[in-house]
Amino acid sequence: MIMKPRRASLQQRRKEAPNLSPLRKAEEIASTFGLEMTIADLERLFSKEAFEDHPLHRRQLMGPSPPSPGLGSSGKPLRVAYQGFRGSYCQEAASKAFSSIHCEAFPCTHMEDAFQALEDGDADRAIVPVENSIDGTIDRNFDLLLRHQRVHIIGELVLPVNHCLLSLHGTSRSDLRRVISHPQALNHCRVRLERFDHRLQIEEVPNAAEAAKYVSESKITDTAVIGSRIAAKEFGLEVLEQNFQDRSENFNRFLQLGLGVQQHQPRETTVTGGEDEDVVSKTTVAFSLEKGASDLFRAMSIFERRGISVTKVDHRPNRSNPVRVVEEKTGEHRYFDYVFILDVEEEGSTGVHEALKALKDISGFVHVLGSYTCRWRID
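Worth saying up front: this structure is predicted, and the values here are computed from it rather than measured.

A.B. asks: Explain the environment of Leu-168 to me, using residue names and the numbers behind them.
C.D. replies: If you trace the backbone, Leu-168 turns up in the loop between strand S6 (164-167) and strand S7 (178-181). Here the alpha-carbon distance between Leu-168 and Ala-212, two residues 44 residues apart in the chain, equals 9.5 Å. In contact with Leu-168, not counting residues within four places along its chain, are Val-215, Ser-216, Lys-219, Ile-220, Thr-221, Leu-237 and Glu-238.

Here it is, written out as structure tokens:
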């Protein structure tokens, strides 16, 4: 007996209710690009992929099953959703983040789909990119964290960027006449391309992983793709050269997400730092301020006074109240209002808890996005 699925796929729900989300237009734009995005185009981040065609989603889903920290260690695979296209750097991050346990990783078409997969029980964990050390923050994923309040950060992985020069097997550097990739990857490798053995035609494409697949399937012998090592593995290409980027100080930051987990990361993401890995404890908190941006120094001093290092400050539009009206003697003044996001580091949790209590005294709201371990891979 085949039971009818109790829940429609993400793609089906989008077709049935196209106007439910005010961010829909931005999501459709975001779906056309991959992780290798320029900072100016971060709202158009990840490229199309047949999400519903993945084997994990073709099966009959029998209803939500809440994630369990023990998954992956007892024979049942951990279901990991990652943003982007098969062969992307995000897939590479997913494989590294859960390398020690049995997992099934699958791509998500739209940026929001990874978050929705967690809430629907279609995934136990999710991997999303949030920052490149050269190009900056991917604001959209912080917006989604604020919007999906049941989803929390349970871990962080920082990986060195390894832009690889990929081609068909048997192709040499002298055979190449063209190099294609996403604009961000090309920009990261511009000096190396200019110093290549001979003049090359440089072509921008929406997604490097999809380009790698095309070169492989079409057997194009005079073209190389700047992409990831996992793209070479996925599509049967040869790595002509690794670390083709101009700068070695190029890192990508990825968040590991879970549902309803807020205090500390689950067992499968806890590791001991080695020679090639650095581990720190972090908390990420979002809040608004009653007096707006002029009160930000008070918020930061709450942590600093307790010996808690503030390592990053971001801000996003306060969508519930985007414009602040202040009455002064000379009349009303209007300002844009923001939600602030802080990353803080501290060995113990007592000081952080005390700081969060003090922060509430000057805030409109305080929401902890996660307390977790950050792993730096430097190999």
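Read on for the rest.
A.B. asks: So, the pattern of salt bridges: which residues are in play, and what are the values?
C.D. replies: Summed over the entire model, instances satisfying the criterion amount to 19 salt bridges. In this structure, the salt-bridge partner of Asp-197 is Arg-173, at a minimum N-O distance of 3.0 Å. Here Asp-197 is found in the loop between helix H8 (190-194) and strand S8 (201-204), whereas its partner Arg-173 is found in the loop between S6 and S7, with 24 residues between them in sequence. Of the charged contacts in the structure, one is a salt bridge between Glu-241 and Arg-173, with a shortest N-O distance of 2.6 Å. Placement of the pair is Glu-241 in strand S10 (residues 238-241) and Arg-173 in the loop between S6 and S7, with a sequence separation of 68 residues. Overall, Arg-173 belongs to the partly exposed group, its relative accessible area being 26%. The structure contains a network of salt bridges with shared partners spanning Glu-131, Glu-156, Arg-253, Lys-282, Lys-312, Asp-314 and Asp-343.

A.B. asks: Requested: an account of the packing of helix H11 (residues 296-304) against helix H12 (residues 350-359), with residues and values cited.
C.D. replies: Between H11 and H12, the least distance of the axes is 9 Å, while the angle of their chain directions is 155°. Compared by their axis directions, H11 and H12 come out roughly antiparallel. Both H11 and H12 take part in a crossing whose hand is right-handed. In this structure, H11 uses Ala-299, Ile-302 and Phe-303 to contact H12, whose residues at the interface are Ala-355, Leu-356, Ala-358 and Leu-359. When the residues that make up the contact of H11 with H12 are grouped by side-chain class, the tally is 7 nonpolar, no polar and no charged.

A.B. asks: Outline the sheet that holds S10, supporting the account with residue identities and numerical values.
C.D. replies: The sheet built from 5 strands is open, its strands ordered S8-S7-S9-S6-S10 with mixed pairing. Every other strand in the sheet has two partners, leaving S8 and S10 as the edge strands with one partner each. Put simply, the sheet's adjacent strands are angled 35° from each other on average, direction ignored. The sheet contact formed by S6 and strand S9 (residues 223-227) spans 3 bridges and is antiparallel. The residue of S9 that forms the bridge with Leu-165 is Ile-226. Its contacts with the sheet place helix H9 (residues 208-218) against S7 and S9, and it is angled at close to 150° to S9.

What counts, and at which threshold
- Residues numbered from 1 in each chain as written.
- Predicted model: local features only at pLDDT ≥ 70, side-chain atom pairs only at ≥ 80, totals over all residues.
- Heavy atoms only, no water.
- Helix = DSSP H or I, 4+ residues; strand = E, 2+ residues; numbered from the N terminus.
- Contact = heavy atoms within 4.5 Å.
- Salt bridge = Lys/Arg side-chain N within 4 Å of Asp/Glu carboxyl O.
- Buried < 20%, exposed > 50% of the residue type's maximum accessible area, 1.4 Å probe, protein only.
- Axes fitted to C-alpha atoms, helices over the stretch in contact; angles between N-to-C directions.
- Parallel < 35°, antiparallel > 145°, perpendicular 65-115°, else oblique.
- Left-handed = near helix turned anticlockwise from the far one by under 90°.
- Nonpolar A, V, L, I, M, F, W, Y, C, P; charged D, E, K, R; others polar.
- Pairing = 2+ DSSP bridges.

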